[in-house]
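Structural overview
So you can see what is in the structure, the chains are spelled out below.
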Amino acid sequence: MLPSPAEEPLPVPLLEREPELAAAIRAVDALCGPAPSGGLLIYRGEAGIGKTALLAEIGRRASGRCTVLSGTGAETMTSVPFHVVRQLLLPALLAEPEDRLRRLFGDRFDLTAPALALAPPTAPLADPQGVRDGLDRVVTRLAEQQRGKPLVVLVDDAHWADTESLGWLAAFAGRLPALPLLIVLAHRSDACADPRTGSPRQDARTEPAATLLRRLGDQARLTVTLGALTRDASDDLARAALGGRPEDPFCRELWTVTGGNPYETVELLATVRDRRLAPVARTAGLLRELGASARGSGLVTRLEQLGGDATRFAWAAAVLGTDIAPDLAAHLAGLDGDEAADCARRLCEARVLTGTDRLEFSHPLVATAVYQAIPPAFRTALHGRAAWAVTQAGHGAAAASRHLLEVHPDDDPDVVDQLRAAAREHLAVGAPDAARRCLERALQEPPPPDAYADVLYELGCAALLTCPDATVRHLRSALDLPGLDDALRTDATCRLAQALAHSNRMREASEAVAAEARRTPAGPARTRLQAAHFMYESFRATEDDPEGRSRRLTALADHLKGTDSAERALLSLRAFDAMLRGESAAHVVDLCDRALLDGRPAQGVGWTDTEWGFETPSMVGIAYAFTDRPDRACDLFEEAVRAYEISGWSGAHLAFAHTLLGLAHRRGGDLPLAETFLREGLRLADRVGDGLAVHWDAVCLLVDTLLARGRVAEARELADRYAFGAPWPSAMVLPDGPTVLGRLLLAEGRVREAVTELEAAGRALESRGRHNGIWAPWACDLARAHLAAGDPESAARAVASARTHAERFGTDTALGEALRCAALLARPDEAARLLGRAVRHLEASPSTYEHALARYEHGLALGSASELADAADLAAACGADALAAEAQQALAHIRRPE
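Report follows, based on the coordinates.

Now for helix α11 (residues 262–274). Taking 1.5 Å per residue, 13 residues should reach 18 Å; α11 reaches 18 Å between its end C-alpha atoms and fits that length. For α11, the tally of buried residues reaches 13 of 13 residues, placing the bulk of the element in the interior. Where α11 begins, the side chain of Asn 261 points an oxygen toward the backbone nitrogen of Tyr 263, at a separation of 3.1 Å.

Take a look at the structure:
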């Protein structure tokens, strides 16, 4: 029997939801109070339990006092990046005039607006973290500029939100308590289960969502699991829908059949009403069969009863997913305008669709049932037609790609080209995962033989930001195949090495570029590969032939003038290596100067140069920092921060730039500022992942800085939290990690352990010819450890080594520190003389903290109140609080009358 015309749509009363609604209203009250406090509320439950109705009521209650934004995830839209974020923000942003819109975005407009489809991309690659930071800024400013109407953001069906939107929400949620912004989110508690059967579903799309939803749950102010309706509430719904007094057997069977699920209860009652059945005992036996017709295969049967045209129209709508254009659905279904309008009307009457100008399914369960009911071959054909129609309408390859992902591979070069174009569009808006899906699907098509390696190369590059292991696999495959031109081979090899290095496989990175360099003819490409080989070899924690590598690099670079990018890159590498080896600091500075153009990074050593990488300018700045030129290092690293912020590179690059700026301030003697930048570098690194190279560097420098400030326990807590120690990574740590760990052990009084650690550090460094005692002051610290252990002979050997290498290096910091160390073993009068010389060297250096130490020790040796007073002032000025207190205490003791 066909459904009879429906009466007015049934309401969905929020029965037994008073506590959940009251919690939301309290949160809205707090948001609108004199001291606005935001947060995150999460409502979860099975499909049809009433989450959507609850969110709608919360939005209705809040709308008078708040600005309400809403968005909904959709099962067929999970592959569309930023789909939910666009739903949330576009209505508010499109209402803004152009000048105010740009002010909301600030300097992130060019980076973030393309992700929201507000502007075309201006660069081929957008940093995902930079895009998320831009979204943070826009939403924060929207929330702060609502003029007394704080923001309430409603996100329904979050288990079907795209990864980009859900990832942003999970990262942003931690900021909510400080903002006039409340997010109310609803998702299924069985998000990883098949919505029709309830059994576990093996669907890769659900895994990232489940992980991100758990992260959101950890940050929620309140998480509520909605339960089924009681028998009384089910009876109330029956009376509201059918009138009168339904008989008890009918109500009992209604509750049994639906399990108290509000959606199923309302749908079943609507079916009873449409069939004009009386709610009496004799009709109770029909409810189970009627209930089945409201969902799953029963719904499909009911749909088929509406006729073939209506069924095809519903199928077309299911393929389009959400915000369905009736004319586009008509085109896919092969219907003319009048036929489509009639189908849409009948489907709305049958509670399958809702809306007029734009259509939606009446419930996600209905959309899923209709979509799954489409015969597979016809569903594939509909997706193919949809992709063609979207492209013809000028919406771009990215918009068509979600349909192409569902089309069966068919050896179609045009499909490959469209998917490659879509991947480029996704990368340009900061959605590398979406790009990766498109390129993986392009490989399945497959590409023509002459393009296969190119697609593998593009896939490897797309995966670099999110999955280095996949990048290694794809790029190695690309390099093993014919087809890459010479320029792409070189770039693929360099990116392969980069991914290997990021995966703590430094030896393989070095070997990859070395092997490609051997087969590459002389020219710029070979020079680039050779430079990369030298770089990765120098970055390795251990290497096979360090002396030979240094000799080859010296012969290759020392005579260069820095006239082009390749020469400047080689000079950067040579300067870094010479600094580590403790060669003449004057020569190191000269190499650094030649690597720059007018004191600034140029092409070949630029911070955002994708050909040569950020490592080359980093090495110049690090070399400056350890050759008593921290001012020049600061200039370079401040430029790095600016370059990355302007470009929207907010991930590991920006974390490393802050870390390097902390290094420059540490070497310049401003310990508080160094700590600030190092903590920011660590915070930024934590957002990107765990165990990154920048984590090791930031922790190492921060431990060293905290020790200089006298905060030993804090340094230990940091080291333990980040597992700072063996096993060490395959890449070197900035500065030398084992040396800093030995210094920490010595500060803790763990003398024997310190001796063991520092001796091992010294052996490793000496075997590689790395003698810079400021980069790795293992010898001076080892001398102090030996003395504490009662072994002056071993201490003397360490002192002699430190002085020899300091005199070769020649900076005032190195000479002053070596003299301080030598004073440990000297007679009192000789110690005072050595410390006086140390003071003069360190006074001429930028190393304020080490200068304060020398003044303090000199003051103690002389019993000089003025020297101790100067030491206390210097220590206070550079933030060495514990040293300042010690100097003041010693000064008070000297001044105390006998």
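Bringing the environment of Asp 736 into the picture now. Within the secondary structure layout, Asp 736 lies in the loop between α35 (712–721) and α36 (737–747). Residue Asp 736 is classed as buried on the basis of its relative accessible area, which comes to 12%. Residues Asp 736 and Leu 765, spaced 29 residues apart in sequence, show a C-alpha to C-alpha distance of 9.0 Å. Apart from the residues within four sequence positions on either side, Asp 736 is in contact with Cys 700, Ala 761, Leu 765, Trp 775 and Ala 776. A polar side-chain atom of Asp 736 sits 2.6 Å from a polar atom in the side chain of Thr 739.

Packing of helix α30 (residues 615–625) against helix α31 (residues 630–647) brings their axes to within 7 Å, and their N-to-C directions diverge by 155°. Here α30 lies roughly antiparallel to α31, going by the angle between them. In terms of crossing hand, the pair formed by α30 and α31 is left-handed. Contacts between α30 and α31 involve Pro 617, Ser 618, Val 620, Gly 621, Ile 622, Tyr 624 and Ala 625 from the first element and Pro 630, Arg 632, Ala 633, Leu 636 and Phe 637 from the second. A breakdown of the residues in the contact of α30 with α31 according to their chemical character gives nine nonpolar, two polar and one charged.

Another aspect to go through is the packing of helix α24 (residues 486–502) against helix α25 (residues 506–519). Taken N-terminus to C-terminus, the directions of α24 and α25 make an angle of 165°; their axes are 7 Å apart at the nearest point. Relative to α25, α24 is oriented roughly antiparallel. Where α24 crosses over α25, the handedness of that crossing is left-handed. Each of Arg 489, Thr 493, Leu 496, Ala 497, Leu 500 and Ala 501 in α24 lies in contact with α25, whose residues at this interface are Met 506, Glu 508, Ala 509, Ala 512, Val 513, Glu 516 and Arg 519. Looking at side-chain class alone, the contact of α24 with α25 contains eight nonpolar, one polar and four charged residues.

Turning our attention to the pairing of strand β1 (residues 39–45). Successive residues of a regular strand alternate their side chains across the two faces of the sheet. Extensive coverage of β1 is indicated by the burial of six of its seven residues. Here β1 runs beside strand β4 (residues 181–188); their pairing, made up of seven bridges, is parallel. Across the sheet, Tyr 43 pairs through a bridge with Ala 186, a residue of β4. Here four bridges tie β1 to strand β5 (residues 222–225), and the two strands are oriented parallel to one another. Pairing of Tyr 43 across the sheet is with Val 224, part of β5.

A few words on the packing of aromatic side chains. In the structure shown here, the tally under the stated rule is 13 aromatic pairs. Plain terms: the ring middles of Trp 168 and Phe 172 are 5.1 Å apart, the flat faces sit at 20° to each other, and that makes the pair stacked. Pair noted here: Trp 168 and Phe 172 are both in helix α7 (residues 163–172), with a separation of four residues, about one helical turn. Side by side, Trp 168 and Phe 172 carry an identical accessibility label, which is buried.

Here the focus is the nonpolar core. Side chains of a nonpolar character, in soluble globular proteins, are inclined to be buried together. Counting 157 residues, the largest nonpolar core has Ile 622 and Trp 775 as the members making the most contacts within it. If near-sequence neighbours (up to four positions away) are discounted, Ile 622 is found in contact with Phe 576, Met 579, Phe 637, Leu 660, Leu 663, Leu 734 and Trp 775. In terms of nonpolar packing, the next biggest core, distinct from the first, is built from 51 residues, Ala 92, Leu 104, Val 155 and Ala 161 among them.

What counts, and at which threshold
- Residues numbered from 1 in each chain as written.
- Predicted model: local features only at pLDDT ≥ 70, side-chain atom pairs only at ≥ 80, totals over all residues.
- Heavy atoms only, no water.
- Helix = DSSP H or I, 4+ residues; strand = E, 2+ residues; numbered from the N terminus.
- Expected span 1.5 Å × (residues − 1).
- Buried < 20%, exposed > 50% of the residue type's maximum accessible area, 1.4 Å probe, protein only.
- Polar contact = N/O pair within 3.5 Å; in protein donor to acceptor, adjacent residues only side chain to side chain.
- Contact = heavy atoms within 4.5 Å.
- Axes fitted to C-alpha atoms, helices over the stretch in contact; angles between N-to-C directions.
- Parallel < 35°, antiparallel > 145°, perpendicular 65-115°, else oblique.
- Left-handed = near helix turned anticlockwise from the far one by under 90°.
- Nonpolar A, V, L, I, M, F, W, Y, C, P; charged D, E, K, R; others polar.
- Pairing = 2+ DSSP bridges.
- Phe/Tyr/Trp six-rings, centres within 6.5 Å; stacked < 30°, edge-to-face > 60°.
- Core = buried A, V, L, I, M, F, W, Y, C linked by side-chain atoms within 4.5 Å.

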